Amino acid sequence: MVSASPDNAVVRTVNGDVPADRLGVVDAHDHLFIRSPLLPGQEVADAEDAGARLAAFHELGGGTVVQWTPYGMGRRADLLPGLSRRSGVQVVAATGLHQAAHYPPELLDSVRDSLAELFVREITEGVTGTEGAVRAGLIKVAGGFHGLDAHARLTLRAAAEAHHRTGAAIAVHLELGTGALDVLELLCGEAGVAPDRVVLGHLNRSPDFTVHHQLASAGAYLAFDGPSRANHATDWRMPDALGALADAGFADQLLLGGDTVTPDTPGMPHLLRRVRPRLELALGRELVERILVANPPGAFALRR
């Protein structure tokens, strides 16, 4: 059982801090903008398209989108406040660092020795390139495939330090849904981060119900980000995975996201148009409402 968010808790959006209980329906993991050398020619970079996706999400009842795009991956953070205001959807921006393969070596060399300071500055003073107009509300980092390499250990430790100094939650990309137990061992065992300050992403991509139960028992939030065409081979197990966790008493630790990483990803409107009704049929409306509305405030509030 995770700790409830205190009544005065806030979530840091791109237009300022808002009460955590006013997020509405939340897409807990998505991207309005993202680019990577691993996906050449598939950048999500069109501001008009981002506005259209937010507007569609709002029309379907969406209230908040948590963007997990970290430092150096085309966040376009300066555009986020305007997109948020025009759409009526609150947006949370991320600091942090992804796997090394997503960056030129020279960029990594420029930040490697000051990662915690970078993360803290983007949360407390402002995201790089926005002159303090936009502050991050989330630290996004990444594990490796079935384990942690040296880069992952470096960034996870920096995220832990930044969390202790700011109260921002740590969201973790799990490569194909693997390596989560190693992530928790480092963040919570070694670095002293409370498990309910950690959001583990992409668990739908590894439908290992035993590991899911271990992660939930540890106290972390579990994010199921999809389904999508790229991950259809495992996403059809998502209702069963969510149902098993809810039946085991972990309903208040579950999150859902659209995870738009390429222009053809169904993304945030799809989350409410197709995924929500599918899950309501399988799991019931009350549980899906809890996952989309009641759980995100505890996951993303600023608290130590």
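Scroll up for the structure.
Residues numbered from 1 in each chain as written. Predicted model: local features only at pLDDT ≥ 70, side-chain atom pairs only at ≥ 80, totals over all residues. Heavy atoms only, no water.

Here's the deal with the overall build of the protein
Within the protein, the secondary structure is distributed over twelve helices and eleven strands. Relative to a compact globule of 304 residues, whose C-alpha radius of gyration would be 19 Å, the protein shows 17 Å and is just as compact. The C-alpha extent of the protein, read off along each of the three principal axes, is 50 × 45 × 40 Å. By residue count, 59% of the 304 residues in the protein fall in the buried class. Looking at the protein alone, contacts between residues at least 24 apart form 76% of all its contacts between residues at least 6 apart. Total accessible area on the protein is roughly 11900 Å²; 51% of this is exposed by carbon and sulfur atoms. Considering the protein, the positive charge centre built from 27 side chains and the negative charge centre built from 36 side chains are found 3 Å apart. (Helix = DSSP H or I, 4+ residues; strand = E, 2+ residues; numbered from the N terminus. Rg over C-alpha atoms; globule rule 2.2 N^0.38 Å. Buried < 20%, exposed > 50% of the residue type's maximum accessible area, 1.4 Å probe, protein only. Contact = heavy atoms within 4.5 Å. Areas by Shrake-Rupley, 256 points an atom, 1.4 Å probe, with all protein chains shown as cover. Lys, Arg positive; Asp, Glu negative; His and termini not counted. Charge placed at Lys NZ, Arg CZ, Asp CG, Glu CD.)

Digging into the side chain of His 31
Within the element layout of this structure, His 31 appears in the loop between strand 3 (25-30) and helix 1 (47-59). Assessed through its relative accessible area of 2%, His 31 is described here as buried. Here Thr 69 takes part through its side chain, which lies 2.8 Å from a polar atom of the side chain of His 31. Excluding residues that lie within four positions of it along the chain, His 31 makes contacts with Val 44, Arg 53, Gln 67, Trp 68, Thr 69, Lys 140, Asp 259, Thr 260, Val 261 and Met 268. (Polar contact = N/O pair within 3.5 Å; in protein donor to acceptor, adjacent residues only side chain to side chain.)

Some thoughts on helix 10 (residues 267-283)
Along its length, helix 10 reaches its greatest deviation from straightness, about 35°, at Val 275, and the proline Pro 277 lies no more than four positions downstream. Within the sequence span of helix 10, burial applies to Gly 267, Met 268, Pro 269, Leu 271, Leu 272, Val 275 and Leu 279. Looking at the packing, one finds that the buried side of helix 10 touches strand 3, helix 1, strand 4 (62-67), helix 9 (238-247), strand 11 (254-257) and helix 11 (285-294). Just beyond helix 10, the residue with positive phi is Gly 284, at close to 100°. (Bend = angle between axes of the 7 residues up to and from the residue.)

So, the nonpolar core
Residues Ile 139, Val 172, Leu 187, Leu 200, Leu 222, Phe 224 and Leu 256 are the most contacted members of the largest nonpolar core, which totals 79 residues. One finds Ala 9, Val 66, Ala 94 and Phe 300 within the second-largest nonpolar core, a separate group that totals 22 residues. (Core = buried A, V, L, I, M, F, W, Y, C linked by side-chain atoms within 4.5 Å.)

Notes on the environment of Gly 24
With respect to the helices, strands and loops of the structure, Gly 24 is situated in the loop between strand 2 (16-19) and strand 3. Under the relative-accessibility criterion, Gly 24 is labelled partly exposed at 33%. Remark: the alpha-carbon pair of Gly 24 and Gly 62, spanning 38 residues in sequence, is separated by 6.9 Å.

Some words on the sheet that holds strand 6 (residues 94-96)
An order of 6-7-8-9-10-11 is seen for the six strands of this open sheet, with the pairing classed as parallel. Two strands close off the open sheet at either side, each with one partner strand: strand 6 and strand 11. Averaged over all adjacent pairs, the angle separating strand axes in this sheet is 30°, with direction ignored. Pairing of strand 10 (residues 221-225) with strand 11, which is carried by four bridges, proceeds in the parallel orientation. Residue pairing for strand 11: Ala 223 is matched across the bridge by Leu 255. (Pairing = 2+ DSSP bridges. Axes fitted to C-alpha atoms, helices over the stretch in contact; angles between N-to-C directions.)

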